[in-house]
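Reading the structure
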Amino acid sequence: MSNIDKTDENTRKGLSPLTLFGSVFASAFGVQTNKNRERDFKQGKFHHFVIGGIVFAILFVLAVAGIVKLVLSSAGA
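Cut-offs applied
Residues numbered from 1 in each chain as written. Predicted model: local features only at pLDDT ≥ 70, side-chain atom pairs only at ≥ 80, totals over all residues. Heavy atoms only, no water. Phe/Tyr/Trp six-rings, centres within 6.5 Å; stacked < 30°, edge-to-face > 60°. Axes fitted to C-alpha atoms, helices over the stretch in contact; angles between N-to-C directions. Helix = DSSP H or I, 4+ residues; strand = E, 2+ residues; numbered from the N terminus. Left-handed = near helix turned anticlockwise from the far one by under 90°. Contact = heavy atoms within 4.5 Å. 1 Å grid on protein atoms, 1.4 Å probe; cavity = no way out; pocket = protein on both sides within 12 Å on 5 of 7 lines; lining within 4 Å. Points joined across faces, edges and corners; volume = space filled by probe spheres on them. Nonpolar A, V, L, I, M, F, W, Y, C, P; charged D, E, K, R; others polar. Expected span 1.5 Å × (residues − 1). Buried < 20%, exposed > 50% of the residue type's maximum accessible area, 1.4 Å probe, protein only. Arc of directions from axis to C-beta. Patch = residues over 30% accessible without salt bridge, like charges linked within 9 Å, V, L, I, M, F, W, Y side chains within 5 Å. Areas by Shrake-Rupley, 256 points an atom, 1.4 Å probe, with all protein chains shown as cover. Salt bridge = Lys/Arg side-chain N within 4 Å of Asp/Glu carboxyl O.

Here's the deal with the packing of aromatic side chains
- Counted under the stated rule, the structure contains six aromatic pairs.
- Three or more aromatic residues joined by ring pairs make a cluster, and in this case those are Phe21, Phe25, Phe29, Phe56 and Phe60.

Structural notes on the packing of helix α2 (residues 17-28) against helix α4 (residues 46-75)
- One can describe the packing of α2 onto α4 by two numbers: an axis separation of 10 Å at closest approach and a directional angle of 65°. The interaxial crossing formed by α2 with α4 has right-handed handedness. Here Leu20, Ser23, Val24, Phe25 and Ala28 of α2 come into contact with α4, specifically with His48, Phe49, Gly52, Gly53 and Phe56.

Here's the deal with the environment of Pro17
- Along the polypeptide, Pro17 turns up in helix α2.
- Separated by 31 residues in sequence, Pro17 and His48 place their C-alpha atoms 9.2 Å apart.

A word on the environment of Asn36
- Relative to the elements of secondary structure, Asn36 occurs in helix α3 (residues 34-43).
- Each C-alpha atom of the pair Asn36 and Ser23 lies 7.4 Å from the other, and the pair is 13 residues apart in sequence.

Looking at the layout of surface pockets
- Its boundaries defined by the atoms lining it, the largest pocket holds a volume of some 220 Å³.
- Around the largest pocket, the lining residues are Ser23, Val24, Ser27, Gln32, Arg37, Asp40, Phe41, Gly44, Lys45, Phe46 and Phe49.
- Taken together, the elements giving at least two residues each to the lining of the largest pocket come down to α2, α3 and α4.
- A per-class count over the lining of the largest pocket returns four nonpolar, four polar and three charged.

Comments concerning α2
- Between its terminal C-alpha atoms α2 stretches 16 Å, which fits the 16 Å expected from twelve residues at 1.5 Å a residue.
- Of the positions making up α2, those classed as buried are Leu20, Ser23, Val24 and Ala26. With its buried residues spanning 170° around the axis, α2 presents them on a single face. With respect to the buried face of α2, the exposed residues turned more than 90 degrees away are Pro17 and Leu18.
- Phi turns positive, to about 75°, at Gly30, one or two residues after α2.

Remarks on a nonpolar patch on the surface
- Taken together, the side chains of Phe21, Phe25, Phe29, Val31, Phe60, Val61, Val64, Val68 and Leu72 make up a nonpolar region of the molecular surface, amounting to roughly 850 Å² of accessible area.
- Sorting the residues of the nonpolar patch by element identifies α2 and α4 as the ones contributing at least two each.
- The greatest single-element share of the nonpolar patch, amounting to five residues, is contributed by α4.
- The topology assignment puts Phe60 in helix α4.

And the structure:
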């Protein structure tokens, strides 16, 4: 099997949920590598990244709100 065939096979596979989450997380903090960004554009689907970004944003806001609430309650405010 040639290298081109392997590339086409990998392109058709898509991204695993864990890889998608890692890409969304890395891009949210601006640390995505160029290699991974290119892989995402070749293998990923736009709507998966939109949904992943929305879920990440919601979880991030809830985590920050929870931390603020915890700090304020421990400070007696």
